[in-house]
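# Observations on chain architecture
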Amino acid sequence: PARVWRAVRAAPIGAFRTTAVSAGGVGLSPVLGRLHLPGRSVAQIPVRNVLRSPRRSVLTALGIAATVTVLVALLGLVDSLYSTIDGARTVIADADGRRNLVSLDRFHLVTDPEVTAIRTSPVVGRSSTDIQVVGTVRGPDGSIDVVLELIDLRHGIWTPPLSEGSTTAPGSRPGVVLTTKAAHDLGAGVGSTVQLRHPERQGLTSYRGVTSTVEVTGITPLPLRFLVFMDDGSVDLLGLRGTTNVLTVTRAPGVGRGEFIRTLYGLPGVGSVTSPSTTVRAISAQLDEIIGILRIVDVALVLLAALIAFNSTSINLEERAREQATMFAFGLPMRSVLGVAVAESVITGLLGTLLGIAAGRLVLTWIVTRMLPDVVPDIGVSDHLAWTTVALALTLGVLAVSVAPLFSYRRLARMDIPSTLRVME
């Protein structure tokens, strides 16, 4: 209704006026006369053009912001995954891959020949007998299925680093070390108690499931929530004293990875030989392949931002053709006229890119904290956005829109100045 009323009230001659003139009273044009901008008249034109058509400028900035939001969210997700992997690699602290886990085909006595053969093998340096079983931990906020590892938390070959607490309980109650993700999901902290559902040996070969109350003694920053550690001094809780089904071993000096694997797999009772560092490197390699696919999406988003800017630039050049012809008539060179268009696009693109970076950061936080826990509940992905990603998004966003006006060079160079100015006669 407002537009109809405005059209009815318009003078007939106003309907024939060119866009260059009719635009003088729309947008923020009334305040431009009172707006004092630095620089000469030509330097003020880009800012005044942006303010003169605020609706178009805002829509263009929002379109660019939408593409940059998706770009930042995708790149930030990659940063978060890499940060999680780097954190796991730091916690494992085994960059050379010398520490390995040898899983046995079943539970063995620590004095069995199969265990002795592994520990005395010439390719093995240090070794320790550990226990690994599955169970369930229940806390105030829920329960999770876990892999319980009984290791020497005080003098073992490897012990999980702690961000809170210690490895032993102050009282007589058995203690466990949870990962940060597990403690968060269970609603448990250092000093609180949780219910641990675990197997207990009955006789020689039979087991039953029992529930024990244990104390959370420490928190480790490992990103895998299903790992729970307990000191091997509490092995009587499972009735498995004197037995083992996992050995932690290190390669002897001068022994290669291939020779080490071949020798151990040739021994009886060996089910698998894995290196935590190798697992982390394999995950990192798979992530690199995924990133290769995301690069295609990133390029498409940058091209989309450039297309939005090119469309807006084309409309602006068409609408302001008389102004450009006037600048040419007064002797301004092509670089000045084209520089005005580029500066106007850069202002709009910079506003849209900054808005997109802020929105992308919020989307990334939502993905990591709200969506990923439902998709990959057993992995605690860290919320991380690298400064290099922010700089890349800012560069690509501004660069994409600043290049768009350059495609209009031929159009400006072939402009018929007298014909363009004649529309005012």
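Residues numbered from 1 in each chain as written. Predicted model: local features only at pLDDT ≥ 70, side-chain atom pairs only at ≥ 80, totals over all residues. Heavy atoms only, no water.

Along strand S9 (residues 243-251), nine of the nine residues are buried, which leaves the element largely enclosed by surrounding structure. Inspection of the sheet shows strand S1 (residues 99-109) paired to S9 by seven bridges, in the antiparallel sense. Within S9, the position partnered with Ser-103 by the bridge is Val-246. Two elements, strand S2 (residues 124-139) and S9, share five bridges in a ladder whose sense is antiparallel. The partner of Val-124 across the bridge, within S9, is Arg-251. (Buried < 20%, exposed > 50% of the residue type's maximum accessible area, 1.4 Å probe, protein only. Helix = DSSP H or I, 4+ residues; strand = E, 2+ residues; numbered from the N terminus. Pairing = 2+ DSSP bridges.)

Before going further, it helps to examine empty space enclosed by the protein. Within this structure, the stated rule accounts for three cavities of 30 Å³ or more. Each pocket or cavity is described by its volume, and for the largest cavity that value is around 140 Å³. Lining the largest cavity are 14 residues, with Asn-49, Leu-317, Gln-324, Ala-341 and Glu-344 positioned closest to its centre. Broken down by secondary-structure element, the contributors of at least two residues to the lining of the largest cavity are helix H4 (41-52), helix H9 (276-319), helix H10 (321-329) and helix H11 (334-375). The greatest single-element share of the lining of the largest cavity, amounting to five residues, is contributed by H11. Each pocket or cavity is described by its volume, and for the second largest cavity that value is around 100 Å³. In terms of lining residues, the second largest cavity is bounded by 13 residues, among which Thr-60, Ser-312, Asn-316, Ser-345 and Thr-348 are the most central. (1 Å grid on protein atoms, 1.4 Å probe; cavity = no way out; pocket = protein on both sides within 12 Å on 5 of 7 lines; lining within 4 Å. Points joined across faces, edges and corners; volume = space filled by probe spheres on them.)

Turning to the nonpolar core, a few remarks are in order. Leu-148, Val-176 and Leu-178 are the most contacted members of the largest nonpolar core, which totals 23 residues. It is strand S3 (residues 142-151) that provides the largest number of residues to this core, a total of four residues. When sequence neighbours within four positions are dropped, the list of residues in contact with Leu-148 reads Ile-131, Gln-132, Val-133, Leu-196, Val-228, Phe-229, Met-230 and Leu-238. By size, the runner-up hydrophobic cluster in this structure holds 18 residues, among which are Leu-71, Ile-367, Val-390 and Ala-404. (Core = buried A, V, L, I, M, F, W, Y, C linked by side-chain atoms within 4.5 Å. Contact = heavy atoms within 4.5 Å.)

Moving on, we come to the confidence of the model for the protein. Low pLDDT marks regions whose predicted coordinates should not be analysed in detail. Counting all residues, the mean pLDDT for the protein is 81, and 86% of those residues have values of 70 or more. For the protein, per-element mean pLDDT is lowest for helix H2 (residues 19-22), which scores 45, and highest for helix H6 (residues 113-119), which scores 93. The low-confidence segment residues 13-25, where pLDDT is below 50, has nine contacts with residues more than four positions distant or belonging to other chains. (pLDDT = per-residue confidence, 0-100.)

Attention shifts here to the environment of Gly-135. In this fold, Gly-135 is placed in strand S2. According to the relative accessible area criterion, Gly-135 is buried, its value standing at 13%. Residues Gly-135 and Thr-211, spaced 76 residues apart in sequence, show a C-alpha to C-alpha distance of 9.5 Å. In contact with Gly-135, not counting residues within four places along its chain, are Ile-144, Asp-145, Val-146 and Arg-197.

Taken together, Leu-304, Leu-307, Phe-310, Leu-399, Val-403, Leu-406 and Phe-407 make up a surface patch of nonpolar side chains, about 650 Å² in accessible area. The set of elements that each furnish at least two residues to the nonpolar patch consists of H9 and helix H12 (387-403). Top element by residues in the nonpolar patch is H9. It accounts for three residues. Turning to its location among the elements, Leu-307 is positioned in helix H9. (Patch = residues over 30% accessible without salt bridge, like charges linked within 9 Å, V, L, I, M, F, W, Y side chains within 5 Å. Areas by Shrake-Rupley, 256 points an atom, 1.4 Å probe, with all protein chains shown as cover. Salt bridge = Lys/Arg side-chain N within 4 Å of Asp/Glu carboxyl O.)

Moving on, we come to helix H8 (residues 257-265). Helical geometry note: an α-helix holds 3.6 residues per turn, so side chains three or four residues apart project in the same direction. For H8, the complete set of buried residues consists of Phe-260, Ile-261 and Leu-264. In a view along the axis of H8, the buried residues occupy a sector of 95°, so they form one face of it. Looking at the packing, one finds that the buried side of H8 touches S1, H6, S2, S9 and strand S10 (270-274). (Arc of directions from axis to C-beta.)

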